[in-house]
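Analysis of the macromolecular model
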Amino acid sequence: MYKYSLLIVFIFGFNLCSAQEKDEVEERIKKSEVHPKAIAWLKDAYEKRRKVKWYYQTDGKEEAFEAKLKHKKHLHSVEFNTDGIVQNIEVLIKEKEMDRTVFGIITDYMNTTYNKFSFSKIQIQYTGSEDDLEDVIDENEFEEISISYEIEYYGKTDTQNELWEGLFDQDGKLIVKRIVKIKNTDNLDY
Amino acid sequence: MKYFFVSVLSLLFVQVRAQDNRFIFGFFPEASLKYNISENYSITHKIESQHGLFDSNRLNEELDYEHNLTDIQTFLGRKISPFVKVDIGYQYRLQEGENTHRSIQQVSILQRALSYRIGHRIRTDQTFFENASILYRIRYRLKGQIPLQGRELDPGENYLAISNELIYMIQSSEDDLENRLTAAYGFYIDDKNKVEVGLDYRTDDYLVEDRFRHRLWFKFGYYKSL
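Residues numbered from 1 in each chain as written. Chains lettered and ligands numbered in written order. Predicted model: local features only at pLDDT ≥ 70, side-chain atom pairs only at ≥ 80, totals over all residues. Heavy atoms only, no water.

**A short note on the overall build of chain A**
For clarity, the cut-off: Secondary structure counts use DSSP, requiring at least four H or I residues in a row for a helix and at least two E residues in a row for a strand, with both numbered from the N terminus. The contact criterion used is simple: two residues touch if any of their non-hydrogen atoms lie within 4.5 Å. Calculation of accessible area relied on Shrake-Rupley with a 1.4 Å probe; when residues are assessed, cover is drawn exclusively from the protein chains displayed.
Within chain A, the secondary structure is distributed over five helices and nine strands. For chain A, the N- to C-terminal ordering of α and β elements is α-β-α-β-β-β-β-α-β-α-β-β-β-α. When contacts within chain A are restricted to residue pairs at least 6 apart in sequence, long-range pairs at least 24 apart make up 46% of them. Surface summary for chain A: the accessible area is close to 11200 Å², and the carbon and sulfur share equals 50%.

Okay, structure coming up:
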């Protein structure tokens, strides 16, 4: 029996480890934990909206609240700062929903940079003032709004074979890209 | 933690229905160590061990410790893309009677969704015995990993891991099927350290007449990568 009690101690030891402090956090929170201004903005912009999931996230330095909801059959992520001021709206879209000219420019970039590529996730990002962002949602107006595309894609060159995340401006020009690190799959493979 | 108990209970329920067949319960610790040797190649070592505590075949159905077997495995893996990996491996099995050698080939495919992810594993293996013909097996495993806090799995958070594996085996024209269902509670300490604690419910001898075997293992797995 001693052997097994040791095992149990071992398991709980790990449990304690995992409860220690951590830098990167992204977790589901209750609506009551969100700044009331954020809730008010969301109500004004989306009016009769359905279920909203709230998240808190931090990279160790900056903190933010994020609301995830479905709107006109699209998944929207609305980011707020800790004062409840809306920062940007990201909408998950399909390839065919992208502006044709922009999509053409991005595809050209892919063709010239990679031997092989495929898009895995496309998000259009709207950034602007609180009022202008509200108009994007309830009036479908895009004045004073800056648009960018956050695209996750697989791209293979002669030397690199990776999953990437690229940020493209409203004309489809690449601003910045980074390699997306896929979490270890040892527990899925062996 | 409640997910853990739910999975334990549901597996126990499956087990209770089949009292008249052979039933084995025991501990099944396992540990793996993975490291990269180049951009695309990696080595994985794994050790797993079955320790029986209960076997309905024994005359007096009481708890009794028995070391069933210990497997030592080494794999050489090659990354084909960020989502596809192929491996060849070797296993040495220590058990009462005869120790065996096994060669293993596998392809693993990662499927990612917005929050959870699924690993597909297709494996073939051949086990070599001294006085019997080679045992050939082909197996497919599906394993889902679902974060329990938010959509991203961050260090210090926990996850639920559920898998099912179907195995077809054949040895000198006699064949059989085995199924392995597991449910585990995972501790994602960080990307280099993971612990999974759960149950592994195995049933086999499907194609063998008048025989059916259930094995329920309490599993404890540690996944380490360098």
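**Quick look at the sheet that holds strand β6 (residues 117–128) of chain B**
Residues and elements named next belong to chain B. The line we're drawing: Paired strands, in this sense, are two strands between which DSSP finds at least two bridges. Think of each axis as a best-fit line through the C-alpha atoms, taken over the contacting stretch in the case of a helix, with angles from 0 to 180 degrees between the N-to-C directions.
Ordered in space as β1-β2-β3-β4-β5-β6-β7-β8-β9-β10-β11, the eleven strands form a closed barrel in which the pairing is mixed. Across the sheet, the mean angle separating the axes of adjacent strands is 20° when strand polarity is ignored. Here strand β10 (residues 193–204) runs beside strand β11 (residues 213–225); their pairing, made up of twelve bridges, is antiparallel. In the strand pairing of β11, Glu196 is matched with Gly221.

**Regarding the environment of Glu66 of chain B**
In this structure, Glu66 of chain B sits in strand β3 (residues 66–81). Between the C-alpha atoms of Glu66 of chain B and Gln145 of chain B, which are 79 residues apart in sequence, the distance is 32 Å.

**Some remarks on the interface of chain A and chain B**
Short version of the rule: Buried area counts how much accessible surface, traced with a 1.4 Å probe, disappears from two parts once they are put together, with both parts' losses summed. The salt bridge definition used is simple: a Lys or Arg side-chain nitrogen within 4 Å of an Asp or Glu carboxyl oxygen. N or O atoms within 3.5 Å of each other form a polar contact, as long as, within protein, one can give a hydrogen and the other can take it, and as long as residues adjacent in sequence are counted only when both atoms are side-chain atoms. Think of it as three bins: nonpolar holds Ala, Val, Leu, Ile, Met, Phe, Trp, Tyr, Cys and Pro, charged holds Asp, Glu, Lys and Arg, and polar takes everything else, Gly as well.
Counting residues at the interface gives 36 residues for chain A and 53 residues for chain B. For the pair chain A and chain B, the two sides together bury roughly 3900 Å², of which 55% comes from carbon and sulfur. In this assembly, chain A and chain B are joined by eight salt bridges. Linking Glu66 of chain A and Arg151 of chain B is a salt bridge whose minimum nitrogen-to-oxygen distance equals 3.1 Å. Where chain A touches chain B, the interface holds 26 residue pairs in polar contact (both at pLDDT 80 or more). Elements supplying a minimum of two residues to the side of chain A that touches chain B: α1 (2–18), β1 (25–29), β2 (52–58), β3 (63–71), β7 (146–156), β8 (161–169) and α5 (186–189) of chain A. Take the side of chain A that touches chain B: its biggest share by element is eight residues, from α1 of chain A. A per-class count over the side of chain A that touches chain B returns 14 nonpolar, seven polar and 15 charged.

**Here we look at a nonpolar patch on the surface**
Residue and element names in this part refer to chain B. The condition is simple: To count toward a patch, a residue needs a relative accessible area over 30% and no salt bridge; like charges are then connected within 9 Å, while nonpolar side chains (Val, Leu, Ile, Met, Phe, Trp, Tyr) are connected within 5 Å. Residue burial is assigned from relative accessible area. The probe radius is 1.4 Å, only protein chains are included, and a residue is buried under 20% of its type maximum, exposed over 50%, and partly exposed in between.
A contiguous nonpolar patch, built from Tyr136, Ile138, Tyr168, Ile170, Tyr206 and Leu207 and spanning about 540 Å² of accessible area, is present on the exposed surface. Going through the elements one at a time, β7 (135–147) and β8 (157–171) are the ones with two or more residues in the nonpolar patch. Tracing the backbone shows Tyr206 in the loop between β10 and β11. Among the residues examined, Tyr206 registers a relative accessible area of 41% and is labelled partly exposed.

**Describing the packing of helix α2 (residues 36–46) of chain A against helix α4 (residues 130–138) of chain A**
For any two helices packed against each other, the geometry comes down to the angle between their axes and how far apart the axes lie. Residues and elements named next belong to chain A. Cut-off, in case you're wondering: Reported orientations rely on four angle classes, namely roughly parallel under 35 degrees, roughly antiparallel over 145, roughly perpendicular from 65 to 115, and oblique for the rest.
The contact between α2 and α4 brings their axes to 8 Å, and the two run at 40°. In terms of their interaxial angle, α2 and α4 are classed as oblique. Here Trp41, Asp44, Ala45 and Tyr46 of α2 lie close against α4, whose contacting residues are Glu130, Leu133, Glu134, Ile137 and Asp138.

**Re the packing of aromatic side chains**
Residue and element names in this part refer to chain B. Spelled out, the test is: When two rings of Phe, Tyr or Trp (its six-membered ring) have centres within 6.5 Å they constitute a pair, described as stacked for plane angles under 30 degrees, edge-to-face for angles over 60, and tilted for the intermediate range.
Tallying each qualifying case throughout the model produces 18 aromatic pairs over all chains. Centre to centre, the rings of Phe28 and Trp217 are 5.8 Å apart; their planes meet at 90°, and the pair counts as edge-to-face. Of the two residues, Phe28 sits in strand β1 (residues 22–36) while Trp217 sits in strand β11, which places them 189 residues apart along the sequence. With relative accessibility at 0%, the residue Trp217 sits in the buried group. Consider the rings of Tyr185 and Phe187, whose centres lie 5.3 Å apart with planes at 65°: the pair is edge-to-face.

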